[in-house]
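Chain by chain, the residues:
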Amino acid sequence: MKHEKNDAQHETGLIVDAQGRTCCYWQPQMSDYHDDEWGRPVTDDRLIFEKVCLEGFHSGMSWQMIYNKRENFRRAFAGFDFEIVAGFNEGDIARLMADKSIVRNRAKILATINNAQRAIEMVAEAGSLAAWFWQFEPKPEARPQTVDIHYWQGNNTSPEAEAMSKALKKRGWRWVGPVTTYALMQALGLVNDHLQGCCVRAICEAERGRLKRPG
């Protein structure tokens, strides 16, 4: 996710929400996503595919806009069931290009169908999407000691995200550049980038600590 902080926001990147909790500054714009999803570990293949696709649509656009259209995307892309999306044809492409409730970018629509086909191949290769994507989780020593606003401002990718991007492209996936794959790592909980001091950070760490890694 891209984090753009305006001058009126505190230099720490933290705010106090309506409930009196300390949170990342973008929490008021997407409170449910911040509190209940971002940074939480994801191992469900359908949801992993959904997040790959939405991060692809997010490329060059506002994440808040994509998030607000998420239910429309789910309806348009058969709940992101990649077995179904892999079979989309020219009629489906025409339907999607006419659907004003989603982002009508032909290249990204075609990439979503292509990536569904590649997802089927990946399951055959690795056993599950979860097993494949979680192999790129950074080692603890590769992570910063403190995730603060300065870390956010200076790091929109990582060596692990670059390796994931390269491996996906080698397998024929599209719209999976290293900035997009780092945003995906954040969304899947491979990294916990809630700011130090955010009330959700410890919750995400606890969930990551209990997680049995797929593989």
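The structure we're discussing is the one just above.
The text that follows walks through the structure, step by step, so that each part is easy to find. Fair warning: this is a prediction, and the values are worked out from it, not measured in the lab. (Residues numbered from 1 in each chain as written. Predicted model: local features only at pLDDT ≥ 70, side-chain atom pairs only at ≥ 80, totals over all residues. Heavy atoms only, no water.)

1. A short note on the overall build of the protein chain
Along the backbone of the protein chain there are 12 helices and two strands. N-terminal to C-terminal, the α/β element order of the protein chain is β-β-α-α-α-α-α-α-α-α-α-α-α-α. Considered along the principal axes of its C-alpha atoms, the protein chain spans approximately 50 × 40 × 25 Å. The proportion of buried residues among the 215 residues of the protein chain is 51%. Within the protein chain, contacts between residues at least 6 apart in sequence are counted, and of these 67% link residues at least 24 apart. Side-chain charges of the protein chain comprise 28 positive and 28 negative groups, with the mean position of each set lying 4 Å from the other. (Helix = DSSP H or I, 4+ residues; strand = E, 2+ residues; numbered from the N terminus. Buried < 20%, exposed > 50% of the residue type's maximum accessible area, 1.4 Å probe, protein only. Contact = heavy atoms within 4.5 Å. Lys, Arg positive; Asp, Glu negative; His and termini not counted. Charge placed at Lys NZ, Arg CZ, Asp CG, Glu CD.)

2. Some words on the packing of helix α10 (residues 159-170) against helix α11 (residues 178-188)
Taken N-terminus to C-terminus, the directions of α10 and α11 make an angle of 115 degrees; their axes are 8 Å apart at the nearest point. The orientation of α10 relative to α11 falls into the category roughly perpendicular. Pair α10 / α11 crosses with right-handed handedness. Of the residues in α11, those in contact with E160, A161, E162, M164, S165 and L168 of α10 are P178, T181, Y182, L184 and M185. (Axes fitted to C-alpha atoms, helices over the stretch in contact; angles between N-to-C directions. Parallel < 35°, antiparallel > 145°, perpendicular 65-115°, else oblique. Left-handed = near helix turned anticlockwise from the far one by under 90°.)

3. A closer look at the nonpolar core
The biggest cluster of nonpolar side chains holds 64 residues, and the ones touching the most others in it are F73, F77, F133, W152 and M164. Top element by residues in this core is helix α2 (residues 45-58). It accounts for six residues. Once residues lying within four places of it in the same chain are set aside, the contact partners of F73 are L54, F57, I66, F80, I102 and V103. (Core = buried A, V, L, I, M, F, W, Y, C linked by side-chain atoms within 4.5 Å.)

4. Some thoughts on the packing of aromatic side chains
Enumeration according to the criterion identifies 15 aromatic pairs in this entry. On the numbers, 5.2 Å between centres and 90 degrees between planes, the contact of W26 with W38 is edge-to-face. Taken together, the residues W26 in the loop between β2 (22-24) and α1 (31-36) and W38 in the loop between α1 and α2 connect sequence positions 12 residues apart. Across the pair, exposure class does not vary: W26 and W38 are buried alike. An aromatic cluster of three or more residues is present, and its members are Y25, W26, Y33, W38, W63, Y67 and W152. Taking NZ or CZ as reference, R95 lies 5.3 Å from the ring centre of F88, over its face. (Phe/Tyr/Trp six-rings, centres within 6.5 Å; stacked < 30°, edge-to-face > 60°. Lys NZ or Arg CZ within 6 Å of the ring centre and 35° of its normal.)

5. Concerning α10
Since there are 3.6 residues in each turn of an α-helix, residues three or four apart along the chain are aligned in direction. The end-to-end C-alpha distance of α10, which contains 12 residues, comes to 16 Å, matching closely the 16 Å that a straight helix rising 1.5 Å per residue would cover. Within α10, burial applies to E160, A161, M164, S165, A167 and L168. Looking straight down α10, one finds its buried side chains confined to an arc of 170 degrees; they lie on one side. Turned more than 90 degrees away from the buried face of α10 sit P159, K166 and K170, all of them exposed. Its buried side turned inward, α10 meets α7 (106-126), α8 (129-134) and α11. In the stretch just after α10, G172 is the one whose phi turns positive, near 90 degrees. (Expected span 1.5 Å × (residues − 1). Arc of directions from axis to C-beta.)

6. Description of helix α6 (residues 90-97)
Turning to α6, its buried residues are D92, I93 and L96. Viewed end-on, α6 has its buried residues packed into an arc of 100 degrees, placing them on one side of the element. In this structure, the buried residues of α6 make contact with α4 (70-76) and α7. At the N-terminal boundary of α6, the capping side chain belongs to N89, with an oxygen 3.0 Å from the backbone nitrogen of G91. (Polar contact = N/O pair within 3.5 Å; in protein donor to acceptor, adjacent residues only side chain to side chain.)

7. A look at unusual backbone geometry
Although it is not a glycine, F80 sits at a positive phi angle of roughly 55 degrees. In this structure, F80 sits in the loop between α4 and α5 (82-85). The class of F80 is buried, set by a relative accessible area of 0%.

8. Topic: the side chain of T157
Mapped onto the elements, T157 comes out in the loop between α9 (149-154) and α10. Within polar-contact distance, the side chain of T157 engages the backbone oxygen of P178 at 3.0 Å. Those residues in contact with T157 that sit more than four places away from it in its chain are E162, P178, V179 and Y182.

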